[in-house]
Amino acid sequence: MLVTPIQLLCAFCALANGGTVYTPMVVKEIQSPEGETLTVYEPEKVGTVPISEEHLEMIKRGLYGAVNEPGGTGWRAKVEGMDVCGKTGTAQVIAGRMSSKYLPYELRDHAWFVCFAPLEDPEIAVAVLVEHGGFGGTASAPIAGAIIKEYFRLTGAISDE
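What counts, and where the lines are drawn
As a convention, each chain's residues are numbered from 1 in the sequence order in which they are written. Residue-level local features of this predicted model are given only where pLDDT is at least 70; pairs of side-chain atoms are given and counted only at 80 or more, and the full residue set underlies all totals for whole chains, interfaces and linings. Just so you know, side-chain values use all the structure's heavy atoms and leave hydrogens and water out. A helix here means a DSSP run of H or I that spans at least four residues, while a strand means a run of E at least two residues long, and both kinds are numbered starting from the N terminus. Remark: exposure states derive from per-residue accessible area (1.4 Å probe, protein chains only) relative to the maximum for the residue type, with buried under 20%, exposed over 50%, and partly exposed in between. The criterion used for residue contact is that any of the two residues' heavy atoms lie within 4.5 Å. Computed with the Shrake-Rupley method and a 1.4 Å probe, the accessible areas treat only the protein chains shown as cover for residues. A residue counts as positive if it is Lys or Arg and as negative if it is Asp or Glu; His and the chain ends are not included. By convention, the point assigned to a charge is CZ for Arg, NZ for Lys, CD for Glu and CG for Asp. Two rings from Phe, Tyr or Trp (for Trp, the six-membered ring) form a pair when their centres are within 6.5 Å of each other. A pair whose planes differ by under 30 degrees is stacked, one over 60 is edge-to-face, and the rest are tilted.

1. Topic: the overall build of the protein
Broken down by element type, the protein carries three helices and seven strands. Put simply, the protein runs from its N terminus to its C terminus through helices and strands in the order α-β-β-β-β-α-β-β-β-α. Summarising its shape, the C-alpha atoms of the protein cover approximately 55 × 40 × 40 Å along the three principal directions. Across the 161 residues in the protein, those meeting the buried criterion constitute 34%. Sequence-distant contacts in the protein: of pairs separated by 6 or more residues, those separated by 24 or more amount to 51%. Counting only carbon and sulfur atoms, one obtains 56% of the accessible surface of the protein, whose full area is about 10200 Å². With 12 positive and 20 negative side-chain charges, the protein shows a separation of 11 Å between the mean positions of the two kinds.

This is the structure:
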């Protein structure tokens, strides 16, 4: 399967929000130097994922477990006081069974982690791809966790500790 980070992030956003697919946006609004809002860009709905609410909830609980339950591969993205839901991934650069650590750097696997938080009423989604990073749980999940933690620290949802 070929997918870009933004495509995977859009899929996770749809999971997080109940199935609505939106056009990705880089800019939310434009302000003047004085702070006056000049232009606001509204989200543009492009579709809906054909999935039942029951199945959607099962997927979200699995994504929660991958980060928060014992044995979850995404535990390094866990943020104290915040329900992070995510999935690790490893993308092979070449086919084969040889461990990545024995390959030249440019042939090593890419590390993925995609997540959203919190579980209930999500506010943020993050996709991290570390080229030639190995495994998503070790290379990408900690980066995503740091981004989630900083976002919620800045919004005041969690403390600075």
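2. So, the packing of aromatic side chains
Aromatic ring pairs are described here by two measures, namely the spacing of the ring centres and the angle between the planes. All told, the structure shown has one aromatic pair when counted by the stated rule. Seen from their ring centres, Tyr-151 and Phe-152 are 4.8 Å apart, and the 85° between their planes marks the pair as edge-to-face. Residue class for Tyr-151 comes out partly exposed when judged on its relative accessible area of 28%.

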